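Overview (structure and organization)
So you can see what is in the structure, the chains are spelled out below.
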Amino acid sequence: MTETPNAPDTPAAANFVRDVVTADLAAGTFQRVQTRFPPEPNGYLHIGHAKAVSVDFGIAEEFGGVCMLRFDDTNPITEETEYVDAIVDDIRWLGFEPAAVVYASDYFEQLYQWAEHLVEHGLAYVDDQDSETIRAQRGGYGKPGVESPFRSRSVAENLDLLRRMRAGEFPDSARVLRAKIDMQHENMQFRDPVMYRIRHEHHHRTGDDWCIYPTYDWAHGQSDAIEGVTHSLCSLEFDSHRPLYDWYLAHLPLPSDQPRQTEFARLELTHTITSKRKLLQLINDGIVEGWDDPRLPTLRALRRRGYPATAIRAFCDFIGVAKTNSRHQIELLEWFIRNELNRTALRRMAVLRPVRLRITNWPEGRVEQVELSNNPENPADGTRLAEFTGELYIEADDFMAEAPPKYYRLTPGAEVRLRGAYFVRCTGYETDADGNVTEVLCTYDPETQGGQAPDGRKVKATIHWVSTAHAVDIEARLYSRLFTAEVPGERTGDPFDDLYRDSRTVVAGKAEAALAEVTPGQVVQFERLGYFAADHDLPGVFHRTVGLKDEWANVQKRAR
RNA sequence: UGGGGUGUGGUGUAACAGGCAACACAGCAGAUUCUGGUUCUGUUAUUCAGGGUUCGAUUCCUUGCACCCCAACCA
């Protein structure tokens, strides 16, 4: 059983994939377990892939087997090396190490030999028709297809044509190789599927060696078999391809046992889209800034935003595997992120919407060092010192001239604790010509040094602060959901109709001096605000990973 | 329209060779707290519908219904 570092304290849920593997092992169908993660290198990995990666690698690990990373690079038009590198990088970041990194294109020669094998056995033929004609002849749901006039060519002619296709004698799309199965079959996949198409294209790995390229169906199962994969796990939409997967394998002289394909549901999240095309459109339309824009669900974006890989994995392990099409609430993912970060992130004080606070009875020019815990959840993280003076910044939200019921923070007459320092009581405030609060006035109680009152009196709230003279400037980028609807596009069919175009807010904040020492990528908790990740490249820029749960916001919402 | 898949609280996932429907998130109520965070306690709420078999059905049978996938030379 895979150990999940911060999963809730519950036994690992059963899932049907595990059951399938266990049964196969018990029945002796397989003596070992091998899986693979087979991305097409035509885009970046996203959160949905993280689940697939977790399942593929997780099942192998759990049964003491191996999992390889195989690039499904059968279509040279869309695939690029850039994506290959990024995918390998993302998988390692998640914490998985492929037993090997291989490519479907490694098997092009074997695939071709097997194609000749099928031709020789009268199970494949060369069709000279164009794609429109072939599609029309395929028929429809409930309507049988029509056989191609080229279907009954002799083996010799087919072989000759196939070899000439490979040799480059024909232009793109002039001919295809098709499996000869059954044009009346109720499963559309069996109506003489295309195995090879002609594409005079440069391939990212094989260069110009080939001008015919295998289709997914012709390449996938065979690649599995060549590698010795036992359990080929894929998503639900390949369910209707499984009979074809098995058919190809059954008609070939395999080097190993026939692998078993098992389908499971993809991971979908509320308020999130994962379609590569739509993601690209967000970038092209300038709605987000690139593939690593923290609002995107790509692994690169989540990484930049500060999502810990361990938390993503714990989430993936926890949600389980099923065949039901479903959509998880993004709140659950965020719970896992907070759960991890609460244990690991150092606490710092930062004020994102600063208002000045002046302590009117503070001795002129006095500076005190205040000791603060780096993480109350983990005392081993120690403490740090912060400068405290009579001129501070506090959060604008932490003062209200006229406070509603249940508001525990500063308001004229009220007393609060400044974290780790003193109790202060609000005596008044100043405004500009427009009535905006420019400065909050307080007196402090010298007896409450360290944040405790000797007379035992309590305050309702503790607020964070930064000394104006010692503050460092930071830029915080606050993100909200890119899509307002739980299911983007559910109403109109177009996810972009649910786009929240103001999903990023950039604010200039003030932070305690210790924040100048964060390392790129480090995630800290800004106390009472949320978790923030230091940008990898831009000094002083922080991305809000996720906010803290905010009971006060709930109280206000309920009041309305 | 033919074939395939799937239906369990608000969400997601378990259980079930027929025996008190559970876990997590979310919600609600309270306790603790130098973060309105964390933690803790309590609590609301579930088997797609009809029929059948049975002492007993989420589970077995049956008839419906709903949703998803398949008619690329994409994967």
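Criteria and cut-off values
Residues numbered from 1 in each chain as written. Chains lettered and ligands numbered in written order. Predicted model: local features only at pLDDT ≥ 70, side-chain atom pairs only at ≥ 80, totals over all residues. Heavy atoms only, no water. Pairing = 2+ DSSP bridges. Helix = DSSP H or I, 4+ residues; strand = E, 2+ residues; numbered from the N terminus. Core = buried A, V, L, I, M, F, W, Y, C linked by side-chain atoms within 4.5 Å. Buried < 20%, exposed > 50% of the residue type's maximum accessible area, 1.4 Å probe, protein only. Contact = heavy atoms within 4.5 Å. Axes fitted to C-alpha atoms, helices over the stretch in contact; angles between N-to-C directions. Arc of directions from axis to C-beta. Right-handed = clockwise from strand over helix to strand, strands pointing away. Near = heavy atom within 4 Å. Polar contact = N/O pair within 3.5 Å; in protein donor to acceptor, adjacent residues only side chain to side chain. Domains from an automatic or database assignment. Phe/Tyr/Trp six-rings, centres within 6.5 Å; stacked < 30°, edge-to-face > 60°. Lys NZ or Arg CZ within 6 Å of the ring centre and 35° of its normal.

Attention shifts here to the sheet that holds strand 19 (residues 462–463). Pairing in this open sheet of seven strands is mixed, and the strands run 19-16-17-18-12-15-20 from one edge to the other. Of all strands in the sheet, those bounded by a partner on one side alone are strand 19 and strand 20 (465–467).

All right, on to the nonpolar core then. With 39 residues, the main nonpolar core has Phe-37, Ile-47, Ile-91, Ile-312 and Phe-315 as its most contacted residues. For Ile-312, the contacting residues outside a window of four places in its chain are Ile-47, Ala-50, Trp-93, Leu-94, Leu-302 and Tyr-307. Val-126, Phe-190, Trp-210 and Tyr-248 belong to the second-largest nonpolar core, a separate cluster that totals 33 residues.

Overall, parallel pairing links the three strands, which are arranged 1-2-3 in an open sheet. Each having just a single partner strand, strand 1 (34–37) and strand 3 (101–103) make up the two edges of the open sheet. In this sheet, adjacent strand axes meet at a mean angle of 40 degrees when their direction is disregarded. Of the strand pairs in this sheet, strand 2 (residues 66–71) and strand 3 are connected by three bridges, and their pairing is parallel. Within the sheet, the bridge partner assigned to Arg-70 lies in strand 3 and is Val-102. This element, helix 2 (residues 47–62), spans strand 1 and strand 2 of the sheet and lies at about 160 degrees to strand 1. Packed onto the sheet, helix 7 (residues 216–227) meets strand 1, strand 2 and strand 3 and runs at close to 140 degrees relative to strand 2.

Before going further, it helps to examine helix 9 (residues 276–284). Within helix 9 the residues assigned to the buried category are Lys-278, Leu-279, Leu-282 and Ile-283. For helix 9, the buried positions fall inside an angular range of 145 degrees around the axis, keeping them on one side. Opposite the buried face of helix 9, at more than 90 degrees from it, the exposed residues are Arg-277 and Asn-284. Positive phi appears at Gly-286, one or two residues downstream of helix 9, with a value of about 75 degrees.

What follows is about the pairing of strand 1. The two faces of the sheet receive side chains in turn, since in a regular strand these alternate between them. Where burial is concerned, the two faces of strand 1 agree: the one with Gln-34 and Arg-36 and the one with Thr-35 and Phe-37 are both buried. Pairing between strand 1 and strand 2: four bridges, direction parallel. Bridge pairing links Arg-36 to Met-68 in strand 2. In terms of handedness, the path from strand 1 via helix 2 over to strand 2 forms a crossover that is right-handed.

Contacts to RNA strand B come from 71 residues, most closely from His-328, Arg-347, Arg-409, Arg-417 and Gly-450. A share of 61% is what sugar and phosphate atoms reach among the atoms of RNA strand B within 4 Å of the protein. Residue Gly-451 places a main-chain N or O atom 3.1 Å away from a base nitrogen belonging to RNA strand B. Elements with a minimum of two residues in the surface near RNA strand B: helix 5 (131–137), strand 6 (194–198), helix 11 (309–319), helix 12 (330–344) and helix 13 (551–559).

Another aspect to go through is unusual backbone geometry. The phi torsion at His-271 lies on the positive side, around 60 degrees, for a residue other than glycine. Turning to its location among the elements, His-271 is positioned in the loop between strand 9 (260–264) and helix 9. By relative accessible area, which is 14% here, His-271 ends up buried. In this structure, Arg-528 is a non-glycine residue whose phi angle is positive, near 70 degrees. Topologically, Arg-528 is positioned in the loop between strand 23 (523–526) and strand 24 (530–534). Under the relative-accessibility criterion, Arg-528 is labelled partly exposed at 34%.

The next point concerns the domain arrangement of chain A. By a widespread convention, an interface's size corresponds to the accessible area lost as its parts come together. Domain boundaries in chain A define domain 1 (1–99 + 215–341), domain 2 (119–214) and domain 3 (347–473). Each of domain 1 and domain 3 was reduced to a C-alpha centroid, and the two centroids are 48 Å apart.

Summed over the entire model, instances satisfying the criterion amount to 23 aromatic pairs. Relative to Tyr-248, the ring of Trp-218 lies with its centre 5.0 Å away and its plane at 70 degrees, an arrangement referred to as edge-to-face. Taken together, the residues Trp-218 in helix 7 and Tyr-248 in helix 8 (residues 242–250) connect sequence positions 30 residues apart. Residues Trp-218 and Tyr-248 agree in their burial class; the two are buried. In textbook terms, an aromatic cluster arises when at least three aromatic residues are bridged by ring pairs, as seen for Trp-362, Phe-388, Tyr-422, Tyr-444 and Trp-465. One Lys or Arg, Arg-166, reaches over the ring of Tyr-112 and ends 4.6 Å from the middle of that ring. The lysine or arginine in question, Arg-205, covers the ring of Tyr-103, its NZ or CZ lying 3.7 Å from the ring centre.

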